[in-house]
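Chain by chain, the residues:
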Amino acid sequence: MEKIQNYINGKFVAPKAGKYFDNIEPAKGIAYSLIPDSQAEDVEEAVSAAQAAFPGWSGLSIEDRGDWMMKLSNGIAARMTEFVEAESRDNGKPIKLAEHVDIPRAISNFKFFATGIQHFASESHEMVGVGINYTLRKPLGVVGCISPWNLPLYLFSWKIAPAMATGNCVVAKPSEITPYTAYLLCKVMEDIDFPKGVLNIVHGFGHTAGDAIVRHKLTKAISFTGGTTTGKTIATIAAPMFKKLSLELGGKNPNIIFDDCDFDEMMSTTIRSSFANQGQICLCGSRIFVQKGIYERFKKEFVEKIKKSKVSYPTDPKAQLGAVVSKSHMEKVLSYVELAKEEGGTILAGGHQVKLDAPYDQGFYLAPTIIEGLKFDCRTNQEEIFGPVVTLTPFETEEEVLMMANSTEYGLSATIWTNNLKRAHNLANEIDAGIVWINAWLVRDLRTPFGGVKSSGVGREGGWEAMKFFTEAKNVFVKY
Ligand code: NAD
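Residues numbered from 1 in each chain as written. Predicted model: local features only at pLDDT ≥ 70, side-chain atom pairs only at ≥ 80, totals over all residues. Heavy atoms only, no water.

Peer 1: Just to check I follow, could you spell out the packing of aromatic side chains for this structure?
Peer 2: Centre distance and the angle of the planes are the two values used to describe a pair of aromatic rings. Counting across every chain of the model gives 16 aromatic pairs. Geometrically, the ring pair formed by Tyr7 and Phe12 is edge-to-face, given 4.9 Å between the ring centres and 65° between the ring planes. Its relative accessible area of 4% is what places Tyr7 among the buried residues. Where Phe21 meets Phe205, the ring centres are 3.9 Å apart and the plane angle is 20°; that geometry is what we call stacked. With Phe21 in strand E4 (residues 20–25) and Phe205 in the loop between strand E10 (199–201) and helix H7 (206–215), the pair connects residues that are 184 residues apart, well separated along the chain. With relative accessibility at 14%, the residue Phe21 sits in the buried group. Through successive ring pairs, a cluster of aromatic residues spans Tyr7, Phe12, Tyr32, Tyr180 and Tyr183. Between the NZ or CZ atom of Lys71 and the centre of the ring of Trp68, over which it lies, the distance is 4.2 Å. It is Arg297 that lies over the ring of Phe263; its NZ or CZ is 3.6 Å from the centre. (Phe/Tyr/Trp six-rings, centres within 6.5 Å; stacked < 30°, edge-to-face > 60°. Buried < 20%, exposed > 50% of the residue type's maximum accessible area, 1.4 Å probe, protein only. Helix = DSSP H or I, 4+ residues; strand = E, 2+ residues; numbered from the N terminus. Lys NZ or Arg CZ within 6 Å of the ring centre and 35° of its normal.)

Put into structure tokens, the structure is as follows:
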């Protein structure tokens, strides 16, 4: 079986202890490659390489750094088919999703920060008749980037690209559930002779390799995307060490649909915002609130359409949903369906595993699930499920839906469907979320701030926010 390797100081290396664990293909439920079980000693080597590379990399002109980032972007594009197939195989997502969303976005992330850094400027503040302050924005040194499994290369590159563009050297760990495209990225680095030590990729589990990155004295910042509980553990370690922290965590996003919306557009977007990537996108709208005037019409059409959607193996060009990422995740999602029943919910569609023919008969497939009849404050409606499960809740007034939307501990994103401009702006203003879409979902401009409030995270990624996070502001005053 193929052995994935770490990439440290510009070389593919085995984990020092020589241990590996299985990489499972969700579509078939069987192992297809081996992942390094890296430990603190491997992270130590990666941090040393990054530290040694820092003076050279941070000393490059921004044009040269931008050129290197652009070469990474072009290098992924040159191996597009390989990346698309690998992402779909590793994660279980339909191949067309990897082709249209994941890999193109990873290419854009490098391109965006390669050019963005050329326009990144700092401030000056004149004190009339006294002198002038100017702000320098210095790279931090070595930084740690840790990412999840749902949009593997997309989210991995969303961190490492701004980190490197601003002059830092990186020790990064992709999810141990979906490591393959980060490994392919190392092949691109080898293809283009990328400066050694600038980006070091260490594979392994969170509690060992991830923990070692967080604890290392020389990692000055930790950029993490993943679950809220993991975020808490990381903050407990990193905060007393006074590291900069960016935490992008879980969500339980409301999708609020008013009577006066454009029904057909809302319906087709709601199908995507509910079940794209098997519902495993942190921005999916898993709590659907529908105003009473159109509740029955919405329910009938939504259920009919979802019952017809095709759950299939990822390489099936007709697959609308592929496999969920792992057996344990599938079991977790199914346990929430059982909980929903106990809490009085009615399953309108799905609620069960889907069995495909061989060789996919051991894969992790779930039918897209719609539940109604639950109280807004029950566990099913408060806890993150992160799978193909949505709940329907009717409402009458703006006040009522705002109260229900804001009732969870999370605050990542929200979607509002209405043609009433005043109501749209008012609700967008009042809702607890870092990102609000009005009559749209997942439209992303990479310049905009990205992140959540409450237990959905701390800090923002994207555009200037990311470049500010990966730099330290130093104010200098000069007397006239
Ligand atoms: P996870 O928290 O289990 O793992 C994320 C990463 O952290 C993995 O690389 C893992 O190995 C690592 N990790 C785990 N324990 C660690 C520790 N103690 N120290 C250091 N690293 C550790 O999350 P997941 O299951 O991979 O991803 C799903 C979660 O990610 C969901 O909650 C989802 O909402 C969230 N997510 C959030 C966003 C966002 O932008 N807010 C985007 C995508 C996913």
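Peer 1: Got a minute to help me understand the sheet that holds strand E7 (residues 131–139) in this structure?
Peer 2: Strands belonging to one sheet form pairs held by backbone hydrogen bonds; the direction of such a pair is parallel or antiparallel. Here three strands make up an open sheet; going across it, the order is E6-E7-E23 and the pairing antiparallel. Where the open sheet ends on each side, the last strands, each with one partner, are strand E6 (124–127) and strand E23 (471–479). Put simply, the sheet's adjacent strands are angled 20° from each other on average, direction ignored. Summarising the sheet, E7 and E23 pair through nine bridges and their orientation is antiparallel. In the strand pairing of E23, Thr135 is matched with Asn475. (Pairing = 2+ DSSP bridges. Axes fitted to C-alpha atoms, helices over the stretch in contact; angles between N-to-C directions.)

Peer 1: Just checking my understanding: could you explain the side chain of Asn277 for this structure?
Peer 2: The topology assignment puts Asn277 in the loop between helix H9 (263–275) and strand E14 (287–291). In this structure the side chain of Asn277 is engaged in a polar contact, spanning 3.3 Å, whose partner is the side chain of Lys93. (Polar contact = N/O pair within 3.5 Å; in protein donor to acceptor, adjacent residues only side chain to side chain.)

Peer 1: How do you make sense of the environment of Thr81 when you look at a structure like this?
Peer 2: Tracing the backbone through its elements, the reader meets Thr81 in helix H3 (residues 80–91). With 183 residues separating them in the primary sequence, Thr81 and Asp264 have C-alpha atoms 34 Å apart.

Peer 1: Explain unusual backbone geometry to me, please; I cannot follow it from the model alone.
Peer 2: Working note: non-glycine residues mostly have negative phi, and peptide bonds are mostly trans. Following Ala358, the chain continues into Pro359 via a peptide bond in cis, with omega recorded as 10°. Within the secondary structure, Pro359 sits in the loop between strand E15 (346–349) and strand E16 (369–372). Of note, Leu442 is a non-glycine position whose phi angle comes to about 60°, a positive value. Within the fold, Leu442 resides in the loop between strand E20 (435–438) and strand E21 (453–454).

Peer 1: Looking at this structure, I do not really get the site of the ligand. What am I missing?
Peer 2: If you check the shell around the ligand, you find 29 residues, and the closest are Lys173, Glu176, Thr230, Leu249 and Glu384. For the ligand, an oxygen atom lies 3.3 Å from a polar atom in the backbone of Gly206. Gly227 is positioned such that a nitrogen or oxygen atom in its backbone is 2.9 Å from an oxygen atom of the ligand. Burial of the ligand by the protein amounts to 88% of the accessible area it has alone, namely 840 Å². (Near = heavy atom within 4 Å. Areas by Shrake-Rupley, 256 points an atom, 1.4 Å probe, with all protein chains shown as cover.)

Peer 1: Would you take a moment to explain the packing of helix H2 (residues 62–78) against helix H5 (residues 152–165) for this structure?
Peer 2: A pair of packed helices can be characterised by two numbers: the angle between their axes and the separation between those axes. Axis separation between H2 and H5 bottoms out at 10 Å; the angle between their running directions is 165°. As the angle between them shows, H2 and H5 are arranged roughly antiparallel. Here H2 runs over H5; the crossing is right-handed. Here Arg65, Met69, Leu72 and Ile76 of H2 lie close against H5, whose contacting residues are Leu153, Ala161, Met164 and Ala165. (Parallel < 35°, antiparallel > 145°, perpendicular 65-115°, else oblique. Left-handed = near helix turned anticlockwise from the far one by under 90°. Contact = heavy atoms within 4.5 Å.)

Peer 1: Looking at this structure, how should I read the domain arrangement of the chain?
Peer 2: Its domain assignment divides the chain into domain 1 (2–249 + 456–479) and domain 2 (254–448). For domain 1 versus domain 2, the distance between C-alpha centres works out to 30 Å. Tallying the contact residues gives 30 residues for domain 1 and 32 residues for domain 2. Around 2500 Å² of area is buried between domain 1 and domain 2 when both sides are counted, 61% of it from carbon and sulfur atoms. At the boundary of domain 1 with domain 2, the tally comes to zero salt bridges. (Domains from an automatic or database assignment. Buried area = accessible area lost by both parts, 1.4 Å probe. Salt bridge = Lys/Arg side-chain N within 4 Å of Asp/Glu carboxyl O.)

Peer 1: Sorry if this is basic, but what is going on with the pattern of salt bridges here?
Peer 2: It is possible for side chains of opposite charge to pair when their charged atoms get near one another. Counting across every chain of the model gives 21 salt bridges. Put simply, Asp260 and Arg423 hold a salt bridge, and the shortest N to O gap is 3.3 Å. Taken together, the residues Asp260 in the loop between strand E13 (254–257) and H9 and Arg423 in helix H14 (residues 421–430) connect sequence positions 163 residues apart. Arg423 sits in the buried class, given a relative accessible area of 14%. A salt bridge links Lys299 to Glu372; the nearest nitrogen and oxygen atoms lie 2.9 Å apart. Here Lys299 is found in helix H10 (residues 292–308), whereas its partner Glu372 is found in strand E16, with 73 residues between them in sequence.

Peer 1: Help me understand the UniProt feature "active site" (unreviewed entry) in the chain, please; the structure alone is not making it clear to me.
Peer 2: Mapped onto this numbering, the UniProt entry annotates "active site" (unreviewed entry) at Glu248. Considering the arrangement of structural elements, one finds Glu248 in strand E12 (residues 244–248). Discounting residues that sit within four places of it in the chain, Glu248 has contacts with Phe224, Thr225, Gly226, Phe450, Gly451, Gly452, Ser456, Gly459, Arg460 and Glu461. (UniProt positions renumbered as here; feature names shortened; annotations may be inferred.)

Peer 1: What exactly am I supposed to notice about the sheet that holds strand E1 (residues 2–3) here?
Peer 2: Pairing is mixed in the open sheet, where three strands are placed in the order E1-E5-E4. Looking at which strands have only one partner, the edges of the open sheet turn out to be E1 and E4. In this sheet, strand E5 (residues 30–36) lies alongside E4 in antiparallel orientation, the contact comprising six bridges. Bridge pairing links Tyr20 to Pro36 in E5.

Peer 1: Explanation requested: H7 in the structure shown.
Peer 2: Note on helix geometry: an α-helix contains 3.6 residues per turn, so any two residues three or four positions apart are oriented the same way. Those residues of H7 lying buried are Thr208, Ala209, Gly210, Ala212, Ile213 and Val214. Contacts from the buried residues of H7 go to helix H1 (40–58), strand E8 (142–146), strand E9 (169–173), strand E11 (219–225) and helix H8 (228–238).

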